[in-house]
Amino acid sequence: MVLVMSAFKRALWMILLLPVLSATVVEDFNHIETCKNSLYMGTPPRGILPPSLKKICQRYADRPRYVTLFDPETRIPVYSAYTFKKTDRSTHVDYPWMYEPQLAETTGNGNMMPFPTGYLHKSFEDTQAVLDDYSNVVQYERGQLNPDQHQSAVEDRAATYSLTNVVPMIREFNIGPWREYVERIRIRLNNFCLGRAYIVTGVTTTGNTIRRNNQNRVGIPDELWSAYCCTDYDVNAPHNVRTLLPSFAAVAVNSLDSEVTEMRVQDLEKHLRGKMKVDENFQIFYANCRSPSSLPFSPENVD
């Protein structure tokens, strides 16, 4: 009887020590099985510092939708990583803006939640941006790193409207050069990516912030960058497109008169090593987006 009870207690402690899988803030994106489906080969960008950054499995309507590496000090994402869904040009702007409860507490079902019309506890405001941070800022808009234009299902699009997926973008840049780039990638991957495409979009910062009530509230990106990976693509695509596959990238300054410059992913990584806190192992895509076999990469084989 004593041995049975001892074994029971050990099993109980093991259960209690397991990570809370319903929580969206995780130690590793692989803790929630379907979280890593947003990442090429189930592998996040490596070599990004510091360790205080929060890994969010962005969960909406009880399903993980994409992943975000979040900086609680600047209250903006370092990057969001997602799978591109073939879609038309339509966008939806009537979704409610949401916040991430698990940045402040570990209870609940792990879903992002719409901002309440009334009181929101200060613990949430301490850990992330809130609507008031953007309410009196004319120069900046809420710019999505995972844009709704790159999602097709209604719930996937709704999930992009979390402030943990948003950074302050200069309005003219957001509705101009950056939107044009997002649309260009949508058309390219719609037409020439035959399998699953993975996108990582992030920022660099220099310390500028949106202030509210005499406090630094939300970091302002200095640059926006993005990279995609599609190892199963149309080999008969026009030559000027084939040179942009299986992977390519872009970077732009978050400013009024900015232009988006496309480049190889390796060149973007070299650029970011001087702009971000990364180590010598910094790499956006596993094996530089090269399929590990001679066969086209199949996302269904990722476990």
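Structural data are supplied above this passage.
Remember, predicted model here, so these are calculated numbers, not experimental data.

## Considering unusual backbone geometry
- Looking along the chain, the bond that leaves Leu49 and enters Pro50 is cis, with omega of -5 degrees.
- Along the polypeptide, Pro50 turns up in the loop between strand E2 (46-48) and strand E3 (54-60).
- In the Ramachandran plot, Ala61 falls in the positive-phi region, its phi being about 50 degrees despite a non-glycine side chain.
- By secondary structure assignment, the location of Ala61 is in the loop between E3 and strand E4 (63-71).
- Residue class for Ala61 comes out partly exposed when judged on its relative accessible area of 36%.

## Focus: the packing of aromatic side chains
- The full count for this structure, using the stated rule, is seven aromatic pairs.
- Plain terms: the ring middles of Phe173 and Trp178 are 5.8 Å apart, the flat faces sit at 40 degrees to each other, and that makes the pair tilted.
- A residue is classified by how much of its surface remains accessible, and Phe173, at 0% relative accessible area, is buried.
- With centroids separated by 5.3 Å and ring planes inclined at 40 degrees, the aromatic side chains of Trp178 and Tyr181 adopt a geometry described as tilted. With Trp178 and Tyr181 both in helix H5 (residues 171-192), this residue pair falls three residues apart, about one helical turn.
- In textbook terms, an aromatic cluster arises when at least three aromatic residues are bridged by ring pairs, as seen for Tyr95, Trp97 and Tyr161.

## Structural notes on the sheet that holds strand E13 (residues 261-263)
- One open sheet holds the eight strands; their spatial order is E1-E3-E4-E5-E10-E11-E12-E13, and the pairing between them is antiparallel. Where the open sheet ends on each side, the last strands, each with one partner, are strand E1 (25-26) and E13.
- Bridge analysis of strand E10 (residues 197-212) against strand E11 (residues 215-229) gives 12 bridges, and the strand direction is antiparallel. Considered in E11, the bridge of Thr204 is made with Glu223.
- Together, strand E5 (76-84), E10, E11, strand E12 (247-253) and E13 form the strand contacts of H5, whose direction differs from that of E11 by roughly 30 degrees.
- Docked against the sheet, helix H7 (residues 265-272) engages E10, E11, E12 and E13, running at close to 40 degrees with respect to E12.

## Some points on the nonpolar core
- Grouped together as the largest cluster of nonpolar side chains are 50 residues, with contacts concentrated most on Trp178, Leu189, Leu224 and Tyr228.
- Counting residues per element, the ones that place at least two in this core are E5, strand E6 (98-99), helix H4 (154-159), strand E9 (166-170), H5, E10, E11 and E12.
- Filtering out sequence-adjacent residues up to four positions away, Tyr228 remains in contact with Ile185, Arg188, Leu189, Tyr198, Ile199, Leu244, Leu245, Pro246, Ser247, Phe248 and Phe285.
- Within the second largest apolar cluster, 30 residues are counted, among which are Tyr79, Val200, Cys229 and Cys289.

How each quantity is defined
- Residues numbered from 1 in each chain as written.
- Predicted model: local features only at pLDDT ≥ 70, side-chain atom pairs only at ≥ 80, totals over all residues.
- Heavy atoms only, no water.
- Helix = DSSP H or I, 4+ residues; strand = E, 2+ residues; numbered from the N terminus.
- Buried < 20%, exposed > 50% of the residue type's maximum accessible area, 1.4 Å probe, protein only.
- Phe/Tyr/Trp six-rings, centres within 6.5 Å; stacked < 30°, edge-to-face > 60°.
- Pairing = 2+ DSSP bridges.
- Contact = heavy atoms within 4.5 Å.
- Axes fitted to C-alpha atoms, helices over the stretch in contact; angles between N-to-C directions.
- Core = buried A, V, L, I, M, F, W, Y, C linked by side-chain atoms within 4.5 Å.

Spatial relationships are all this shows, so hold off on functional conclusions.
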